[in-house]
Amino acid sequence: MPDSQKQIVQWFPGHMAKTRRLIKESLPLVDGVTEIIDARIPYSSSNPELSELIGNKPRIVLLNKSDMADRTATAQWIEYYKKIGVRAVAADCRSGRGLNNYITAVREVLKDKIKQNEERGMAGRALRIMVVGIPNTGKSSFINRMAGSARAKVADKAGVTRQNQWFAIGNGIELLDTPGVLWPKFDDPKVGDRLAFIGSVKDEILDSEILAERLLDVMKTDYADRLRERYKISDFEEKEPWELLEMIGKKRGMIIKGGEIDTQRASVMLLDEYRAGKLGTISLERPEK
């Protein structure tokens, strides 16, 4: 059976340097930056290089997929960002819930820019926001929802490469889309694990059984009730993760020849159900006290 301690999640996207360059080149064209992160893992899904990249540009954090995160934890994250001077908004880009608060946040964060435009005789000039985010945090869903089904592109702006696209979303706001990008390496292996849990790292490069065992190791401590409810298992707190995975596979009837439990199939099922929110609202990170 797989040793869940051996494999370390790593990811080296070849287009990363290119995206960094695109962000830097586009910064003079925008008034602010919106970072899309996953509300279940706000720390791990936020690019640690972003602050250095964007400098003093106003920033808004959108905690997407908050419908799948623990509400208490999300409230703690919003307060955490407030304390460090960053406006954060919880939303669900698939349903659109919370996105009206985003429009309000943009106008509040950029109130000085709005005032400046008015003083220069440019009242009503569109506010331009760059949207950034790592893969699978919902950046595309956010832009699609905000821009509407038409996804009306704004006329090309000077200096913008073809890889970047502008979209008008109404309310005097334009969004600049950028390619999703991860950073070079994960210094903390737990960050790699959490990104893999939500699907930001391609499953093809990982061992799904190892990943499922690591997820179970976290859940049996913090969300044991969800495991009991979803998989109808009990008395598993002292079990090792691989034993727990076998219990789940057995409960779901995933038996192969010779009565052996198909833990590979059980692993894929577990990860799929977690990513789909079928295990309930779960947050794997909370801000440090």
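In this report, we go over the structure that sits alongside the text. (Residues numbered from 1 in each chain as written. Predicted model: local features only at pLDDT ≥ 70, side-chain atom pairs only at ≥ 80, totals over all residues. Heavy atoms only, no water.)

1. Overview of the pairing of strand β4 (residues 127–132)
Thinking step 1. Burial runs high along β4: six of the six residues are buried.
Thinking step 2. On β4, burial covers both faces: Leu-127, Ile-129 and Val-131 on one face and Arg-128, Met-130 and Val-132 on the other are all buried.
Thinking step 3. As judged from the five bridges shared by β4 and strand β6 (residues 173–177), these two strands associate in the parallel manner. Bridging across to β6, Met-130 finds its partner in Leu-176. (Buried < 20%, exposed > 50% of the residue type's maximum accessible area, 1.4 Å probe, protein only. Helix = DSSP H or I, 4+ residues; strand = E, 2+ residues; numbered from the N terminus. Pairing = 2+ DSSP bridges.)

2. Description of the packing of aromatic side chains
Thinking step 1. Applying the stated criterion across every chain, the model contains four aromatic pairs.
Thinking step 2. Between Trp-77 and Tyr-80, the ring centres sit 5.5 Å apart and the planes meet at 85 degrees, which makes this aromatic pair edge-to-face. Note that Trp-77 and Tyr-80 are positioned in helix α3 (residues 71–83) at a spacing of three residues, about one turn of the helix.
Thinking step 3. The exposure class of Tyr-80 is partly exposed, given its relative accessible area of 32%.
Thinking step 4. Three or more aromatic residues link up through ring pairs in this structure, and these residues are Trp-77, Tyr-80 and Tyr-81.
Thinking step 5. Above the ring of Trp-166, the side-chain terminus of Arg-128 is found at 5.9 Å from the ring centroid. (Phe/Tyr/Trp six-rings, centres within 6.5 Å; stacked < 30°, edge-to-face > 60°. Lys NZ or Arg CZ within 6 Å of the ring centre and 35° of its normal.)

These figures capture arrangement, not role.
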